[in-house]
Amino acid sequence: MSFTCLKVEDRGAVGLVQLHRPEALNALNVTVMEELVTCLEQMDAREEIRVIVLAGDDRAFAAGADIKEMADAGHIEMLLRNNIARWDRVRRIGKPIIAAVSGFALGGGCELAMSCDLIVASETAQFGQPEINLGVIPGAGGTQRMTRAVGKSVAMDMILTGRMMSAHEALERGLVARVASKGTWLDEALHLASEIATKSPLALRVAKEAVLKAFETPLAEGLEYERRSFYMLFGSQDQVEGMKAFVEKRAAKFTGR
Ligand code: HXC
């Protein structure tokens, strides 16, 4: 499938997906979201791709859901359109997804970045949930994921005022994993993705699932899930190779088997 609002390329084992609707600061209309989830699912299915980087451009990761597309919709129409259901498909992607954020990541844009597994931010990045200024609230996970990322008090501050958070504050608060300089943010995200792509694809998938479980289960259940997953990986060739390579003092070559 060719995409009209995405730029997509393989960088070795890393799949790079860039939102490309610059005239609207990559606002997430139905076309962008449908193309995005389709593209992510395609990459998830391709064995040669091990990690995905999702980016925008220098000016914006995404300035939110497309306000013009929903401004005139009523309650029932929004319910029937149920556009946010599409976001569940992002959640089901098994491979690690790194959000590379430069410029605005607002509303749905911030929610999309938080739906990824970790965020690498340019020093220019600005995160925010400004929906309150539009008379609504976040709808694609902002109240939940922001709260889990930065805690109740700061999440309330962001969501009740609609203020923006700088990259450095986001790093300090734990919303982002790394901050890169203005000219290198995408390269740094790709470099990190390439490093992760050398690991066992099976272990990556299981590690991602296990970390995400931490948000959805009580501790005892999460620990049990982790333990079973750990034991399960001893059925893989990658475990044999990883441990053999350690003993032989060489780099492991993982195959995902
Ligand atoms: C539609 C948008 C848009 C958006 C920007 N644009 N954000 N169009 N939906 N979310 C368009 C503008 O209308 C404008 O188009 C062009 O992009 C450039 O934007 P400007 O406003 O001229 O740029 P600037 O002055 O630099 O201001 C940047 C900005 C501002 C601060 C990011 O655009 C802004 O506040 N945008 C809205 C942010 C927001 O409220 N996001 C939350 C949306 S609700 P024209 O044609 O005029 O040049 C949401 C709910 C999620 O996300 C629910 C779950 C999916």
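That block above? That's the structure.
### Some thoughts on the packing of aromatic side chains
Then step 1. For the coordinates displayed, the defined rule picks out two aromatic pairs.
Then step 2. Between phenylalanine 230 and tyrosine 231, the aromatic rings sit 6.1 Å apart at their centres with planes inclined by 55 degrees, giving tilted as the arrangement.
Then step 3. Classification of tyrosine 231 by relative accessible area gives exposed; the value is 53%.
Then step 4. On the basis of an interplanar angle of 65 degrees and a centroid distance of 5.2 Å, the ring pair of phenylalanine 230 and phenylalanine 234 is categorised as edge-to-face.
Then step 5. Taking the relative accessible area as the measure of exposure, phenylalanine 234 reaches 39% and is therefore partly exposed.

### Thoughts on the sheet that holds strand β8 (residues 126–128)
Sheet strands pair by backbone hydrogen bonding; their relative direction is either parallel or antiparallel.
Then step 1. Strand order in this open sheet of four strands is β4-β6-β8-β9, and the pairing throughout is mixed. In the strand order of this sheet, the two ends are held by β4 (60–62) and β9 (164–166), each with one partner. In this sheet, adjacent strand axes meet at a mean angle of 20 degrees when their direction is disregarded.
Then step 2. The pairing of β4 with strand β6 (residues 104–106) spans two bridges and is classified as parallel. Across the sheet, the residue bridging to alanine 60 is phenylalanine 104, located in β6.
Then step 3. Along the sheet face, helix α5 (residues 108–115) touches β4, β6 and β8 and points at about 95 degrees away from the line of β6.

### Some details on the environment of serine 200
Then step 1. Note on placement: serine 200 falls in the loop between α9 (185–197) and α10 (201–213).
Then step 2. Between the C-alpha atoms of serine 200 and valine 14, which are 186 residues apart in sequence, the distance is 14 Å.
Then step 3. In this structure, serine 200 is in contact with Asp238 and Phe254, ignoring residues within four places of it in sequence.
Then step 4. For serine 200, the side chain forms a polar contact with the main-chain nitrogen of alanine 203, separated by 3.1 Å.

### With respect to the layout of surface pockets
Then step 1. Considered as a void within the structure, the largest pocket measures approximately 1200 Å³ in volume.
Then step 2. For the largest pocket, the lining is made up of 41 residues, of which Met114, Cys116, Arg145, Leu212 and Phe215 are closest to its centre.
Then step 3. Looking at the lining of the largest pocket, the elements that each hand over two or more residues are α4 (87–91), β5 (97–101), α5, β7 (118–122), α6 (142–150) and α10.
Then step 4. Per-element tally for the lining of the largest pocket: the top contributor is α10, with eight residues.
Then step 5. When grouped by side-chain class, the residues that make up the lining of the largest pocket number 24 nonpolar, six polar and 11 charged.
Then step 6. If you trace the second largest pocket, you find 40 residues lining it, with Ala65, Asp66, Met70, Met78 and Ile84 closest to the centre.
Then step 7. Going through the elements one at a time, α1 (30–45), α2 (67–70), α3 (75–81) and α5 are the ones with two or more residues in the lining of the second largest pocket.
Then step 8. Tallied by class, residues from the lining of the second largest pocket come to 23 nonpolar, eight polar and nine charged.

### Examining the sheet that holds β5
Then step 1. Across the sheet, which stays open at both edges, the six strands sit in the order β1-β2-β3-β5-β7-β10 with mixed pairing between neighbours. Whereas interior strands pair on both sides, the edge strands pair on one side only; in this sheet they are β1 (6–11) and β10 (178–180). When strand polarity is set aside, the average angle formed by the axes of neighbouring strands in this sheet is 20 degrees.
Then step 2. Sheet analysis places strand β3 (residues 51–55) next to β5, joined by four bridges and oriented parallel. Looking at β5, one finds that alanine 55 is bridged to alanine 100.
Then step 3. Contacting β1, β2 (14–19), β3 and β5, α1 crosses the sheet at an angle of about 180 degrees to β2.
Then step 4. α9 rests against β1, β2, β3, β5, β7 and β10 of the sheet, and its axis sits at about 165 degrees to β3.

### Looking at the site of the ligand
Then step 1. Taken together, the neighbourhood of the ligand is formed by 24 residues, with Ala63, Ala65, Ile67, Lys68 and Gly108 sitting nearest.
Then step 2. In this structure, an oxygen atom belonging to the ligand sits 2.8 Å away from a main-chain N or O atom of alanine 65.
Then step 3. A distance of 2.9 Å separates a nitrogen atom of the ligand from a polar backbone atom of isoleucine 67.
Then step 4. For the ligand, whose free accessible area comes to 1000 Å², the fraction covered by protein is 65%.

Quick notes on the rules
- Residues numbered from 1 in each chain as written.
- Predicted model: local features only at pLDDT ≥ 70, side-chain atom pairs only at ≥ 80, totals over all residues.
- Heavy atoms only, no water.
- Phe/Tyr/Trp six-rings, centres within 6.5 Å; stacked < 30°, edge-to-face > 60°.
- Buried < 20%, exposed > 50% of the residue type's maximum accessible area, 1.4 Å probe, protein only.
- Pairing = 2+ DSSP bridges.
- Helix = DSSP H or I, 4+ residues; strand = E, 2+ residues; numbered from the N terminus.
- Axes fitted to C-alpha atoms, helices over the stretch in contact; angles between N-to-C directions.
- Contact = heavy atoms within 4.5 Å.
- Polar contact = N/O pair within 3.5 Å; in protein donor to acceptor, adjacent residues only side chain to side chain.
- 1 Å grid on protein atoms, 1.4 Å probe; cavity = no way out; pocket = protein on both sides within 12 Å on 5 of 7 lines; lining within 4 Å.
- Points joined across faces, edges and corners; volume = space filled by probe spheres on them.
- Nonpolar A, V, L, I, M, F, W, Y, C, P; charged D, E, K, R; others polar.
- Near = heavy atom within 4 Å.
- Areas by Shrake-Rupley, 256 points an atom, 1.4 Å probe, with all protein chains shown as cover.

Treat this as a map of the structure, not an account of what it does.
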